[in-house]
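Breakdown of the fold
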Amino acid sequence: MAETFRVACVQNCAERDMAPSIAALEPLIRGADGDGAELIVLPEMATMLEPQNPKVLEKAAAEEVDPGLASFRALAQETGAWILVGSLLIKLPGENRVANRSFLVDPKGAITARYDKLHLFDVDLASGETYRESATVKAGSRAVLAASPWGPIGMTICYDLRFAYLYRALAQAGARYLAVPAAFTYTSGKAHWEILVRARAIETGSFVFAANQGGTHAEGRRTWGHSLIVNPWGEVLADGAEKVGWITADIDPAKVDEARSAIPALRHDRSFPAPEGAVAKAAE
């Protein structure tokens, strides 16, 4: 088992264009490295939070020429840290949509894993906010475990957090750490973010690294912040509050085994038939 290591979650407030967002992220990544982070996790849509769907398609770049990905790969080489690029909006060949794609980059700058967001955020909030991620994003089709020096990392993105079965499947497949990069809205984040992040840690006996955007973006869109690092017992080790910056925590991989031994719920699944009751009777 790997020794204790330090993880950082970077919390930024992305602009609607890539260049200023990348320029703001670079010193945050270097700062996290200066604090001894060996794994640095960035938020969802780290380099561009464009509120107008047509403009997303205009501004997105293909993976091989995306300036954010190039910058983060270079920073991994410069710092010697692993960087989990929370997600970038990547133009897809032959498609009029993008992928909301997460990357794990090793200290040599090589991309070792990719994950496309499975669950797309199509909601109408009581506050009047409306989101239609599926208008511009093509959903992914597979769950991903990424290898790291400290054990497998389950890669997820933002709205995935509400689908507990994904995290259970990742943990049962071997994930010891769960990455939840996000751009959670202020409204839903205030109500649900910490509860959901802690629940995913408790249910799976895993560390959760949840880097979230925070602040007011173009056209008044707000994200909640409060990036979190949570241990397998559901305890919050670090909270980013609402300001740009980074948080760190020292991670002891042995805590995963301790939590899963104490409550071995991942081994206690049972199959059962479809629920019976009022709905079934009403259909008769």
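In what follows, the structure referred to is the one given above.
Rules behind the numbers
Residues numbered from 1 in each chain as written. Predicted model: local features only at pLDDT ≥ 70, side-chain atom pairs only at ≥ 80, totals over all residues. Heavy atoms only, no water. Helix = DSSP H or I, 4+ residues; strand = E, 2+ residues; numbered from the N terminus. Rg over C-alpha atoms; globule rule 2.2 N^0.38 Å. Buried < 20%, exposed > 50% of the residue type's maximum accessible area, 1.4 Å probe, protein only. Contact = heavy atoms within 4.5 Å. Core = buried A, V, L, I, M, F, W, Y, C linked by side-chain atoms within 4.5 Å. Pairing = 2+ DSSP bridges. Axes fitted to C-alpha atoms, helices over the stretch in contact; angles between N-to-C directions. Phe/Tyr/Trp six-rings, centres within 6.5 Å; stacked < 30°, edge-to-face > 60°. Lys NZ or Arg CZ within 6 Å of the ring centre and 35° of its normal.

1. A closer look at the overall build of the protein
- Broken down by element type, the protein carries seven helices and 16 strands.
- Its C-alpha atoms give the protein a radius of gyration of 19 Å, near enough to 19 Å, the size a compact globule of 284 residues would have.
- Summarising its shape, the C-alpha atoms of the protein cover approximately 55 × 50 × 35 Å along the three principal directions.
- Of all 284 residues assigned to the protein, the portion counted as buried reaches 52%.
- For the protein, long-range pairs separated by at least 24 residues make up 68% of all intrachain contacts whose partners lie at least 6 apart in sequence.

2. Some points on unusual backbone geometry
- Backbone geometry places methionine 45, a non-glycine residue, at a positive phi of 45 degrees.
- Tracing the backbone shows methionine 45 in the loop between β2 (39-41) and α2 (53-59).
- Residue methionine 45 is classed as buried on the basis of its relative accessible area of 16%.
- Located in the positive-phi region is alanine 241, a residue other than glycine, with phi close to 50 degrees.
- Within the fold, alanine 241 resides in the loop between β15 (236-239) and β16 (245-251).

3. Focus: the nonpolar core
- Ranked by internal contacts, the top residues of the largest apolar core, which has 46 residues, are Leu39, Trp193, Phe209, Ile229 and Ile251.
- Here leucine 39 is in contact with Phe5, Arg6, Val7, Ala8, Trp82, Leu84, Leu104, Trp150, Ile153 and Phe209, once residues within four sequence places are set aside.
- Ile29, Ala46, Leu75 and Ala81 belong to the second largest nonpolar core, which has 22 residues in total.

4. Overview of the sheet that holds strand β5 (residues 111-116)
- Ordered in space as β5-β4-β3-β2-β1-β16, the six strands form an open sheet in which the pairing is mixed. The open sheet has two edge strands, β5 and β16, and neither has a second partner. This sheet shows a mean twist of 25 degrees between the axes of neighbouring strands, independent of strand direction.
- Bridge count between strand β3 (residues 82-91) and strand β4 (residues 98-105): seven bridges; the pairing is antiparallel. Across the sheet, leucine 88 pairs through a bridge with arginine 101, a residue of β4.

5. Comments concerning the environment of methionine 45
- When the C-alpha atoms of methionine 45 and alanine 113 are compared, they prove to be 17 Å apart, with 68 residues separating the residues in sequence.
- Look past the residues within four positions of methionine 45 in its chain and what remains in contact with it is Ala14, Ser87, Leu89, Asn100, Ala183 and Gln213.

6. Some thoughts on the packing of aromatic side chains
- Going through the model one piece at a time under the given rule, you end up with 11 aromatic pairs.
- Here tryptophan 82 and tryptophan 150 contribute two aromatic rings whose centre-to-centre distance is 6.3 Å and whose plane-to-plane angle is 65 degrees, an arrangement assigned as edge-to-face. With a gap of 68 residues between them, tryptophan 82 in strand β3 and tryptophan 150 in the loop between β8 (144-146) and β9 (153-155) connect regions that are remote in the sequence.
- Seen in terms of ring centroids, tyrosine 186 and tryptophan 224 are 5.0 Å apart; in terms of plane orientation they differ by 75 degrees. Their pairing is edge-to-face. Of this pair, tyrosine 186 sits in helix α5 (residues 186-204) while tryptophan 224 is found in strand β13 (residues 222-224), placing the two residues 38 residues apart along the sequence.
- The buried category is assigned to tryptophan 224, whose relative accessible area is 12%.
- One aromatic cluster in this structure is built from Phe5, Trp82, Trp150, Tyr177, Phe207 and Phe209.
- The ring of tyrosine 186 is capped by arginine 222, whose NZ or CZ atom sits 3.7 Å from the centre of that ring.

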